[in-house]
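The residues making up each chain are set out below.
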Amino acid sequence: MKMRKRQSIVKKMSGVIVRLAGLALAVGLSFSIPVSAQDVTKNTSKMGPADTVLRGDAKCTSCHDDSDNPPPTMLGERPWVLSIGKTKHGTTADGRTPTCSSCHGESTPHMKKGPDGKRPAPDRTFKKTTPAEVQDEACTTCHKGGNRTFWDNSAHHANGVACATCHNVHNNGHDKVRDKVTQTEVCFSCHKDKRAEINRPSHHPVKEGKVACSDCHNPHGSSGPKQLKRDTVNETCYQCHMEKRGPFLHNHQPVNEECTLCHNPHGTTVANLLKSRPPFLCQQCHNDISSGHPGQLGRLPTGPTTSTGQLGTVGRGCLNCHTSIHGDNNPQGSTATRRFFR
């Protein structure tokens, strides 16, 4: 008897489940087909083709789809057109995001083939043959002020370097020039002499990824020399080397004037980025009798002596004694010959 009751309960439950499934299917079908196919066609024709990435880009993406690979950029890269959707220029949630026509123009003739069967180029292209002023107009419309205030007076602008020469807008979210690790690849494509200097034994840790060109330079222009981020060379160096700033009780005037009088910041074959090794570097200035260390020919002394006039170049490493060459606060260094001691 118990077995029969269980079987009857199972039959009733299965019947209920079947009825509920049928009801759910009916409701789903009623919501999935609210209008006829003819109505759907009418609505689609009114809306037009849907935008793929940016608002209003449908007229472009109808031809330039995800398989479109334009000619290489000035840096040799071949970006996919729709990869712009992975960048800030493809952020749909930002109302400032430009459309295709914001940069390339309306390009109405480009949308139709000409009488010769060929399609004219867009109103604005970003090729080597396109003047830099025409290319930059699309960028500077939005990107102005801030660290681009001095762009019109920058060395890059004066030499016809366009924004697209360094920046790749259609990328996969990775612009090489904005990444410290890959930035030097872009800069060294033109500044090949700096590539050679960075590869010298004594160099700033650029290759190691700790320092990038943009840490010292503003490629968009600045009020300082060599497009430096600060107004002077020394102020730029003091961003990291603050212990050399001073003021000291005894200041070394060449240090106060400019660091590059003694150092080559990109790299040298001498330790500490020096242009030449002591004593030759020091004797470019300290080469008179009154300095106590006059220039001499390299030779060995003829006998035991403590006279600096007889020592020649033997053991004459100026920094062996003058260890605080950038400036010191030693009150005993009252005379010129005893300054910059530790």
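If you're wondering where the values come from, they're calculated on a predicted model, not measured in any experiment. (Residues numbered from 1 in each chain as written. Predicted model: local features only at pLDDT ≥ 70, side-chain atom pairs only at ≥ 80, totals over all residues. Heavy atoms only, no water.)

Draft legend 1. Structural view of the overall build of the protein. Each helix and strand in the protein was counted, giving twelve helices and two strands. In the protein, the succession of α and β elements from N to C terminus is α-α-α-α-α-α-α-α-α-α-α-β-α-β. For the protein, the proportion of its 342 residues judged to be buried stands at 25%. A sequence separation of at least 24 residues applies to 43% of the contacts in the protein between residues at least 6 apart. (Helix = DSSP H or I, 4+ residues; strand = E, 2+ residues; numbered from the N terminus. Buried < 20%, exposed > 50% of the residue type's maximum accessible area, 1.4 Å probe, protein only. Contact = heavy atoms within 4.5 Å.)

Draft legend 2. Highlighting the pattern of salt bridges. In total, this model carries nine salt bridges according to the counting rule given. With a shortest N-O distance of 3.0 Å, K59 and E106 are connected by a salt bridge. Here K59, found in helix α3 (residues 58–61), pairs with E106, found in the loop between α4 (100–104) and α5 (132–140); they are 47 residues apart in sequence, far enough to count as distant. Note that E137 and R124 form a salt bridge whose closest N and O atoms lie 3.7 Å from each other. With E137 in helix α5 and R124 in the loop between α4 and α5, this residue pair connects regions lying 13 residues apart in the sequence. When its relative accessible area of 46% is taken as the criterion, E137 is described as partly exposed. With relative accessibility at 13%, the residue R124 sits in the buried group. One salt-bridge network, held together by shared partners, links D193, K194 and E197. (Salt bridge = Lys/Arg side-chain N within 4 Å of Asp/Glu carboxyl O.)

Draft legend 3. Structural context of α5. Of the residues making up α5, those classed as buried are A132, Q135, D136 and A138. The arc that holds every buried residue of α5, seen down its axis, measures 150°, which confines them to one face. Next to the buried residues of α5 lie α4, α6 (155–158) and α7 (163–166). (Arc of directions from axis to C-beta.)

Draft legend 4. Expanded view of unusual backbone geometry. Looking along the chain, the bond that leaves G246 and enters P247 is cis, with omega of 5°. Mapped onto the secondary structure, P247 falls in the loop between α11 (233–237) and β1 (250–251). The linkage connecting P278 with the following residue, P279, adopts the cis geometry, with an omega of 5°. For P279, the location among the structural elements is in the loop between α12 (253–257) and β2 (327–328). With a phi close to 55°, Q227 is a non-glycine residue in the positive phi region.

Draft legend 5. Region of the structure containing the confidence of the model for the protein. Here the protein shows a mean pLDDT of 79. Residues at 70 or above account for 73%. Every residue in residues 23–48 scores below 50 in pLDDT, and together they form one contact with partners more than four places removed in sequence or on other chains. (pLDDT = per-residue confidence, 0-100.)

Draft legend 6. Region of the structure containing helix α8 (residues 180–188). Among the residues of α8, those classed as buried are T182, Q183, T184, V186 and F188. Where α8 is buried, its residues meet α7, α9 (192–198) and α10 (213–216). Measuring from the side-chain oxygen of the N-cap residue of α8 to the backbone nitrogen of V181 gives 3.1 Å; that N-cap residue is D179. (Polar contact = N/O pair within 3.5 Å; in protein donor to acceptor, adjacent residues only side chain to side chain.)

Draft legend 7. How the structure looks around the side chain of H220. Mapped onto the fold, H220 is located in the loop between α10 and α11. With a relative accessible area of 18%, H220 lands in the buried category.

Draft legend 8. The arrangement of the environment of H167 in detail. Counting through the fold element by element, H167 comes out in the loop between α7 and α8. Here H167 falls in the partly exposed class, since its relative accessible area comes to 27%. A sequence separation of 19 residues divides H167 from V186, and the C-alpha atoms of the two residues are 9.0 Å apart. A polar contact is formed between the side chain of H167 and the side chain of D175, at a distance of 2.9 Å.

Draft legend 9. Expanded view of the environment of T125. Relative to the helices and strands, T125 is located in the loop between α4 and α5. Sequence separation between T125 and C103 is 22 residues; the distance between their C-alpha atoms is 8.6 Å. Discounting residues that sit within four places of it in the chain, T125 has contacts with T130 and Q135. Of the polar contacts made by the side chain of T125, one reaches the side chain of T130; its length is 2.9 Å.

Draft legend 10. Inspection of the state of the cysteines at higher detail. Scanning all chains against the criterion turns up zero disulfides. Looking at the unpaired C262, the closest cysteine sulfur is the one in C285, lying at 7.2 Å. (Disulfide = S-S within 2.5 Å.)

Draft legend 11. Geometry of the environment of H322. Locating H322 in the fold gives a position in the loop between α12 and β2. Remark: the alpha-carbon pair of H322 and R339, spanning 17 residues in sequence, is separated by 7.2 Å.

Draft legend 12. Local environment of the side chain of D328. Assignment of secondary structure puts D328 in strand β2. By relative accessible area, which is 3% here, D328 ends up buried. Among the polar contacts listed, one links the side chain of D328 to the backbone nitrogen of N330, at a separation of 3.1 Å.

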